[in-house]
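Examination of the molecular architecture
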Protein chains: 2
Amino acid sequence: MKQNIYDDPNFFKHYRQLRKTKYNFNNSLEQPALKSLLPDLYNLKVLDIGCGMGEFAKYCIENGAQHVTAIDISTNMLLIAQSEHAHQKIDFYQQSLEDFKATPSSFDCITSSLALHYMSDFHAMIGKITTMLRPNGLIIFSVEHPIATARQEMERWIYDIDGNRCHYAIDDYQDEGLRKHTWYVDGVIKYHRTLSSIINTLLSHGLAIEKVVEPIPDKEAIEKLPSLEKELRRPSFLLVKARK
Amino acid sequence: MKQNIYDDPNFFKHYRQLRKTKYNFNNSLEQPALKSLLPDLYNLKVLDIGCGMGEFAKYCIENGAQHVTAIDISTNMLLIAQSEHAHQKIDFYQQSLEDFKATPSSFDCITSSLALHYMSDFHAMIGKITTMLRPNGLIIFSVEHPIATARQEMERWIYDIDGNRCHYAIDDYQDEGLRKHTWYVDGVIKYHRTLSSIINTLLSHGLAIEKVVEPIPDKEAIEKLPSLEKELRRPSFLLVKARK
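Conventions and cut-offs
- Residues numbered from 1 in each chain as written.
- Chains lettered and ligands numbered in written order.
- Predicted model: local features only at pLDDT ≥ 70, side-chain atom pairs only at ≥ 80, totals over all residues.
- Heavy atoms only, no water.
- Contact = heavy atoms within 4.5 Å.
- Buried area = accessible area lost by both parts, 1.4 Å probe.
- Salt bridge = Lys/Arg side-chain N within 4 Å of Asp/Glu carboxyl O.
- Polar contact = N/O pair within 3.5 Å; in protein donor to acceptor, adjacent residues only side chain to side chain.
- Helix = DSSP H or I, 4+ residues; strand = E, 2+ residues; numbered from the N terminus.
- Nonpolar A, V, L, I, M, F, W, Y, C, P; charged D, E, K, R; others polar.
- Phe/Tyr/Trp six-rings, centres within 6.5 Å; stacked < 30°, edge-to-face > 60°.
- Buried < 20%, exposed > 50% of the residue type's maximum accessible area, 1.4 Å probe, protein only.
- Right-handed = clockwise from strand over helix to strand, strands pointing away.
- Pairing = 2+ DSSP bridges.
- Axes fitted to C-alpha atoms, helices over the stretch in contact; angles between N-to-C directions.
- 1 Å grid on protein atoms, 1.4 Å probe; cavity = no way out; pocket = protein on both sides within 12 Å on 5 of 7 lines; lining within 4 Å.
- Points joined across faces, edges and corners; volume = space filled by probe spheres on them.
- Least-squares fit on C-alpha atoms with pLDDT ≥ 70 in both.

**As for the interface of chain B and chain A**
Between chain B and chain A, the residue contacts involve 32 residues of the former and 32 residues of the latter. With both sides pooled, the region where chain B packs onto chain A buries about 2500 Å², and carbon together with sulfur makes up 55% of that total. The three residues of chain B that bury the most area against chain A are Ile170, Gln174 and Glu214 of chain B, which together make up 24% of that side's buried surface. At the boundary of chain B and chain A, one finds two salt bridges. Salt-bridge contacts for aspartate 171 of chain B lead to arginine 233 of chain A; the nearest nitrogen and oxygen are separated by 2.7 Å. Linking chain B with chain A are 21 residue pairs in polar contact (both at pLDDT 80 or more). Every element with two or more residues in the side of chain B that touches chain A is listed here: strand E7 (165–170), helix H7 (195–204) and strand E10 (208–213) of chain B. The residue makeup of the side of chain B that touches chain A, split by class, is 17 nonpolar, five polar and ten charged.

Okay, here's the thing in structure tokens:
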């Protein structure tokens, strides 16, 4: 069953507010890291998996991509994408990666921002992505970091009695699979995968690892969004760039 | 300055006892993982960095290697290596990797078991190793896992008042560099490096990642050495296999 938390009205109300803030973890940390991994997009055909509100698809077009196929399962997200980032070179589809009809070698670059950790079968997804990439094509994605998803219990930052963060709790690392979080609403489902499992799955499909990023906020970003400071203590995100 | 903790008499007394135990973290977890990454060693020239007591060098010869050059800085370790694992196809040298005279393309396979985290300049070491590898040669190494080395404070497992392990504490992850541990004696120096830093350093020298391992003890191993059970909760070791 595909989770579609972004069409939960209560969740979406909060999520929309978060993304409207001027500084947040997406635009201050994850998106700059993702964009830093992109090749020269000129004339490239891009598939964006879990495109959300379509800003990244639009960014690709603005940076020279020939065409972006942008898929997401959420009605809410795609309504915003269509109204705010519609472009003749972008096709938005309401579709899961699982259901997406893959044409072999049809994309130069496949991207995914913080979506793959919602999907249960990583091996199958990477297999499908590899098939859709042309030879020498790139996959560039971000997921929640294995350090951040490991512990079954939801309490991960440990605080002292004065409310200061003492350290981050890691546990259950080798126990891959479903994790239930509360993120605005209860029961948000994510899948924990170990670092080695992520890397070896890419390698097992014949992809060559080109770069791994655990984003570090710079001083300026922390000044604007002080909560980013905790990213120095443990990473929230893991990004990988790999080539077919 | 190169640390030579293995020549501290007090440390070595304890370490020697540990390694004499029938089941320990080396022979039950780290060594099987390292050996699982080895290619067919038949006729290969091997360099083993931080060879310690020479068991691994001997293992390589027993498994077909043509010759092993085995280096270590510790007099204590090499005395045991010479007395217990001397072989006409093994040359033991008391030498640091930093001081080792590298002949380009002189080894088919370069191995290192739990030694590289004692050395301060990872980029230089991997550069030197890459130079010494023949084209298509392999580097296979284990280090303490970044999750295990991250926190500056030495208390990493957090216990409840009954002495049960609650979780593992991670902190200071992005702050790479020196960590002082107490391991039998005070002031054992190790270097924390992030996962991305380790992988990207290999990639920056043109090496291709072939496999990453975070060893998981099996049921049988845990039965023999119950303390291995905590490896399910967070990994102690990280192993990487990469090809020139």
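**Some details on the packing of aromatic side chains**
Residue and element names in this part refer to chain B. In the structure shown here, the tally under the stated rule is eight aromatic pairs over all chains. Ring geometry for tryptophan 157 versus tyrosine 168: centroids 5.0 Å apart, planes at 75°, classification edge-to-face. With a gap of eleven residues between them, tryptophan 157 in strand E6 (residues 157–159) and tyrosine 168 in strand E7 connect regions that are remote in the sequence. The pair tryptophan 157 / tyrosine 168 is uniform in exposure class, with both members buried.

**Considerations on the pairing of strand E5 (residues 133–144) of chain B**
Residue and element names in this part refer to chain B. Burial within E5 is extensive, with nine of its twelve residues counted as buried. The β-α-β motif built from strand E4 (residues 107–113), the intervening helix H5 (residues 122–132) and the parallel element E5 has right-handed crossover chirality. The pairing of E5 with strand E11 (residues 237–243) spans seven bridges and is antiparallel. When the sheet's bridge partners are listed, glutamate 144 is paired in E11 with phenylalanine 237.

**A look at the environment of glutamate 220 of chain B**
Residues and elements named next belong to chain B. One can find glutamate 220 in helix H8 (residues 219–224). Glutamate 220 gets classed as partly exposed once you look at its relative accessible area, which sits at 48%. Considering only alpha carbons, one finds glutamate 220 and serine 28, 192 residues apart in sequence, at a separation of 9.9 Å. Engagement of the side chain of glutamate 220 in a polar contact is seen with the side chain of lysine 224, the distance being 3.0 Å.

**Considering helix H3 (residues 55–62) of chain A**
In an α-helix there are 3.6 residues to a turn, and that puts residues three or four apart on one side. Residues and elements named next belong to chain A. Looking only at H3, the buried set comprises Phe56, Ala57, Lys58, Cys60 and Ile61. Those residues of H3 that are buried lie in contact with helix H2 (25–36), strand E1 (45–49), strand E2 (67–72), helix H4 (75–85), strand E3 (90–94) and strand E4 (107–113). Of the residues one or two after H3, glycine 64 is the one with positive phi, at around 105°.

**Digging into the sheet that holds strand E7 (residues 165–170) of chain A**
Judged by pairing direction, the sheet is antiparallel, and its four strands sit side by side in the order E6(A)-E7(A)-E7(B)-E6(B) without closing on themselves. Lying at the two open borders of the sheet, with one neighbouring strand each, are strand E6 (157–159) of chain A together with E6 of chain B. Here the average twist between neighbouring strands, direction ignored, is 45°. Alignment of E7 of chain A against E7 of chain B, held across three bridges, turns out to be antiparallel. Directly across from isoleucine 170 of chain A, in E7 of chain B, lies its bridge partner tyrosine 168 of chain B.

**A closer look at the pattern of salt bridges**
All names here are of chain A. Under the defined criterion, the tally for this structure stands at 16 salt bridges over all chains. Between glutamate 84 and arginine 16 there is a salt bridge, and its shortest N-O distance comes to 2.9 Å. Here glutamate 84, found in helix H4, pairs with arginine 16, found in helix H1 (residues 9–20); they are 68 residues apart in sequence, far enough to count as distant. Of the residues examined, glutamate 84 reaches a relative accessible area of 41% and is grouped as partly exposed.

**Describing empty space enclosed by the protein**
Residue and element names in this part refer to chain B. A complete count under the given rule lists three cavities of 30 Å³ or more for this structure. Counted as a void, the largest cavity has a volume near 70 Å³. In terms of lining residues, the largest cavity is bounded by His117, Phe122, Phe141, Val143, Glu144, Thr149, Tyr191, His192, Arg193 and Ile198. Taken together, the elements giving at least two residues each to the lining of the largest cavity come down to E5 and strand E9 (185–192).

**Things to note about the pairing of strand E2 (residues 67–72) of chain B**
For E2 of chain B, a buried count of five out of six residues is recorded, marking the element as mostly surrounded by other parts of the structure. Handedness of the crossover joining strand E1 (residues 45–49) of chain B and E2 of chain B through helix H3 (residues 55–62) of chain B: right-handed.

**Remarks on the relation of the copies chain B and chain A**
When chain B is fitted onto chain A, the two copies agree to an RMSD of 0.0 Å after a turn of 180° and an axial shift of 0.0 Å. Between the two chains, the operation in question is that of a two-fold axis. Using C-alpha coordinates, one finds that chain B approaches the rotation axis most closely at alanine 169 of chain B, a distance of 2.5 Å. The residues that chain B uses at the interface reappear at the interface of chain A in 100% of cases, marking a shared surface.

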